[in-house]
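Residue-level structure breakdown
Chain residues, written in single-letter form:
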Amino acid sequence: MRALVEAHAIRPSKSLGQNFLLDANLARAIARDAGVGPGVRVVEIGAGLGSLTVALADAGADRVLAIEFDRALLPGLTEAVGDRPSVEIVHADATKLDWPATLGDEAWVCCGNLPYNVGTSIVLDVLERAPSVGRIVVMLQREVADRLAATPAQREAYGAVSLHVAYRARPEVIRHVPPEVFWPRPSIGSAIVRLERLASPPVVVEEDRLWTVVDAAFGERRKTMRNALRRLGLSATAADAALAAAGVDPIARPETLDLDAFARVTEALPG
């Protein structure tokens, strides 16, 4: 890694949230956590200088689609992966990719050391728009990873993002990662989260209406569900009636309710 940095005069970009993985053992562990091996296709987001790319290819993946946005890194990334025939480097912005066109209908695993500033949006985008990705194993800022995997039992981390994940996947934080395995060294810890896509959402509800309720509920933290429904235009009487029909206390806080409760509230709304 250091040789590549020097040879290609690379300077990490703060604006792109770049922190390169130095630890080859951790890269190999991520490949194992993702179940990468023969017969597996992997799309890697934020390939950087190839630490994880090499581990994924060497684990025996049939194909590694290594996506990197920063053009300045491409020569170093190309050198790092060497002549590994399974690796295809793609210069693209993962936040703007047409996932179905990029991946097709074949089954994929998604891996990556995601930039802190766009990690959440990338994970949610892959879950929503890349149905061929059955498993996601990515490294993120620890606070972000905790938020993705949180349940009502972890109220400080739990929120709308947690519910968006729970609608499509089974999440788990599987490793905490110290700052010293990166260059440059970040000021905060990281974590690896694994998300297994569900065959279908665990609740049957009109999705757009569900997210309208969720967004209203978490738009102001520490407010009650009665207040959330009032913000959607219901009278106090109508809000209380809908919540009673859903079996939810009107003074319940949004962070105490799971996905099933939000689905019941959504179904109980008039109209």
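Residues numbered from 1 in each chain as written. Predicted model: local features only at pLDDT ≥ 70, side-chain atom pairs only at ≥ 80, totals over all residues. Heavy atoms only, no water.

1. Examining the overall build of the chain
The condition that has to hold: Secondary structure counts use DSSP, requiring at least four H or I residues in a row for a helix and at least two E residues in a row for a strand, with both numbered from the N terminus. Only protein chains enter the accessibility calculation, which uses a 1.4 Å probe; a residue whose area is less than 20% of its type maximum is buried, one above 50% is exposed, and one in between is partly exposed. Any two residues having at least one pair of non-hydrogen atoms within 4.5 Å are treated as being in contact. Computed with a 1.4 Å probe, the accessible areas rest on the Shrake-Rupley method; for each residue, only the protein chains presented here act as cover. Charged residues are defined narrowly, with Lys and Arg counted positive, Asp and Glu counted negative, and His plus the chain ends left uncounted. Where a charge lies is defined by one atom per residue type, namely NZ (Lys), CZ (Arg), CG (Asp) and CD (Glu).
On a plain count of helices and strands, the chain comes out with 12 helices and 9 strands. Dimensions of the chain, computed from the C-alpha atoms along their principal axes, are close to 70 × 40 × 25 Å. Taken across its 271 residues, the chain has 49% of its residues classed as buried. Long-range contacts, defined as pairs at least 24 residues apart, comprise 70% of the intrachain contacts of the chain with a sequence gap of at least 6. Total accessible area on the chain is roughly 12,500 Å²; 49% of this is exposed by carbon and sulfur atoms. Treating the 30 positive side-chain charges of the chain as one cloud and the 34 negative ones as another, the clouds have centres 5 Å apart.

2. What about the environment of Glu206?
Relative to the assigned elements, Glu206 resides in the loop between strand 9 (190–197) and helix 9 (207–218). Taking the relative accessible area as the measure of exposure, Glu206 reaches 48% and is therefore partly exposed.

3. Focus on the packing of helix 6 (residues 119–129) against helix 8 (residues 160–168)
Inclusion rule: An axis is simply a line fitted to the C-alpha atoms; with a helix, the fit covers only the stretch in contact. Between two such axes, the angle follows the N-to-C directions and lies from 0 to 180 degrees. Convention used here: angles under 35 degrees read as roughly parallel, angles over 145 as roughly antiparallel, angles from 65 to 115 as roughly perpendicular, and any remaining angle as oblique. Whether a crossing is left-handed or right-handed is set by the direction in which the near helix is turned from the far one by less than a right angle, anticlockwise for left-handed and clockwise for right-handed. For this classification, Asp, Glu, Lys and Arg are treated as charged, while Ala, Val, Leu, Ile, Met, Phe, Trp, Tyr, Cys and Pro are nonpolar and the rest, including Gly, are polar.
The geometry of helix 6 relative to helix 8 is characterised by a closest axis approach of 10 Å and an angle of 30° between their N-to-C directions. Relative to helix 8, helix 6 is oriented roughly parallel. The crossing of helix 6 and helix 8 is left-handed. Residues Thr120, Leu124, Leu127 and Glu128 of helix 6 pack against Val161, His164, Val165 and Arg168 of helix 8. When the residues that make up the contact of helix 6 with helix 8 are grouped by side-chain class, the tally is 4 nonpolar, 2 polar and 2 charged.

4. Considering the layout of surface pockets
Cut-off, in case you're wondering: Two kinds of site are reported from a 1 Å grid over the protein atoms alone, namely cavities, where a 1.4 Å probe fits but cannot get out, and pockets, open sets with protein on both sides within 12 Å along at least five of seven lines, and residues are called lining when an atom falls within 4 Å of a point. Grid points are joined across faces, edges and corners, and a volume is the space filled by probe spheres set on the points.
Roughly 220 Å³ of internal volume is contained in the second largest pocket. Lining the second largest pocket we find 17 residues, and of these Ala150, Thr151, Ser162, Ala166 and Pro171 sit closest to its centre. When residues of the lining of the second largest pocket are traced back to their parent elements, those giving at least two are helix 7 (142–149), helix 8, strand 7 (169–177) and helix 12 (259–268).

5. Side note on the state of the cysteines
Heads up, the condition is: In plain terms, two cysteine sulfur atoms within 2.5 Å form what is called a disulfide here.
Going through the model one piece at a time under the given rule, you end up with 0 disulfides. Looking at Cys110, it has no disulfide partner, and the nearest cysteine sulfur is the one in Cys111, 6.7 Å off.

6. A word on the packing of helix 9 against helix 12
The N-to-C vectors of helix 9 and helix 12 enclose an angle of 110°; their axes lie 9 Å apart at closest approach. What the angle tells us is that helix 9 and helix 12 run roughly perpendicular. Our pair here, helix 9 against helix 12, has a crossing hand that is right-handed. For the pair helix 9 and helix 12, the contacting residues are Arg209, Leu210, Val213, Val214, Ala217 and Phe218 in the first and Leu259, Phe262, Ala263, Val265 and Thr266 in the second. Of the residues assigned to the contact of helix 9 with helix 12, the class counts are 9 nonpolar, 1 polar and 1 charged.

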